[in-house]
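# Descriptive structure summary
These are the residues of each chain, in order.
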Amino acid sequence: MGRRRKPGERTPKGRLRSLALPPTPERLAHGIVEWPDRAIADEFGSPSRPCVAVDFIVLLERRGEITAAMRQAAGEFRAAFLRARFEKLKAGDPGRLRAPAAASEPDAARRRLWRALLAAGPLGSPESSCLWHVVGLDRGLADWALQYRIPTFLAGAVLVRALRALALHYRL
């Protein structure tokens, strides 16, 4: 009679993969999660291996639907979007005065972002709208397609076309 093994996911050598808690059902509802290959430092400096969400753009690259240059262009666009601080638009403080000649980092990032959007297509076009919502705001492609009344089977082609234009704009 064979020895009973503890339940759990196993490595190719038969050892338990992890003693960490699995992701919660709420976390799994938001897409695919993976564990990093190497441990990273947590807030206290201790090594940890938290589950990490797999980005939609990375999934498209893994499936072969976009190239590495297109993924890199999406990453640059998302970084510019975050630097431009469009995700947290708030009313400005009227007590703060700015020097008109000094351009701050968010202003410069906004100019780069607008040039990238215009390279993908005119403002309001499906391509620029897809970049703004799917890559910048990190919304789902299907949600964007439903909101803008684009058939879901065409939404992926719109995103690929926008990422191709973005890669050409960034010269990748």
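Attention here is on the structure that accompanies the text. Here the structure is a predicted model, which means the values were calculated and not measured.

Procedures and definitions
- Residues numbered from 1 in each chain as written.
- Predicted model: local features only at pLDDT ≥ 70, side-chain atom pairs only at ≥ 80, totals over all residues.
- Heavy atoms only, no water.
- Helix = DSSP H or I, 4+ residues; strand = E, 2+ residues; numbered from the N terminus.
- Expected span 1.5 Å × (residues − 1).
- Buried < 20%, exposed > 50% of the residue type's maximum accessible area, 1.4 Å probe, protein only.
- Arc of directions from axis to C-beta.
- Contact = heavy atoms within 4.5 Å.
- Phe/Tyr/Trp six-rings, centres within 6.5 Å; stacked < 30°, edge-to-face > 60°.

Once that is clear, we can look at helix 3 (residues 68-83). Compared with an ideal rise of 1.5 Å per residue, which puts 16 residues at 22 Å, helix 3 spans 22 Å between its outermost C-alpha atoms and is within 8% of the ideal. Taken residue by residue, helix 3 has Met 70, Ala 73, Ala 74, Phe 77, Arg 78, Ala 80 and Phe 81 as its buried positions. Axial view of helix 3: buried residues confined to an arc of 160°, hence all on one face. On its buried face, helix 3 sits against helix 2 (56-62), helix 4 (105-120), helix 5 (126-136) and helix 7 (152-169). Of the residues flanking the end of helix 3, it is Arg 85, one or two places downstream, whose phi is positive at about 60°.

Aromatic ring pairs are defined here through the distance separating the ring centres and the angle between the ring planes. Taken as a whole and assessed by the stated rule, the structure comprises 4 aromatic pairs. With centroids separated by 4.8 Å and ring planes inclined at 75°, the aromatic side chains of Phe 81 and Trp 132 adopt a geometry described as edge-to-face. With a gap of 51 residues between them, Phe 81 in helix 3 and Trp 132 in helix 5 connect regions that are remote in the sequence. Residue class for Phe 81 comes out buried when judged on its relative accessible area of 0%. Ring geometry for Trp 144 and Tyr 148: centres 6.0 Å apart, planes at 35°, overall tilted. Its relative accessible area of 35% is what places Tyr 148 among the partly exposed residues. An aromatic cluster of three or more residues is present, and its members are Phe 77, Phe 81, Trp 114 and Trp 132.

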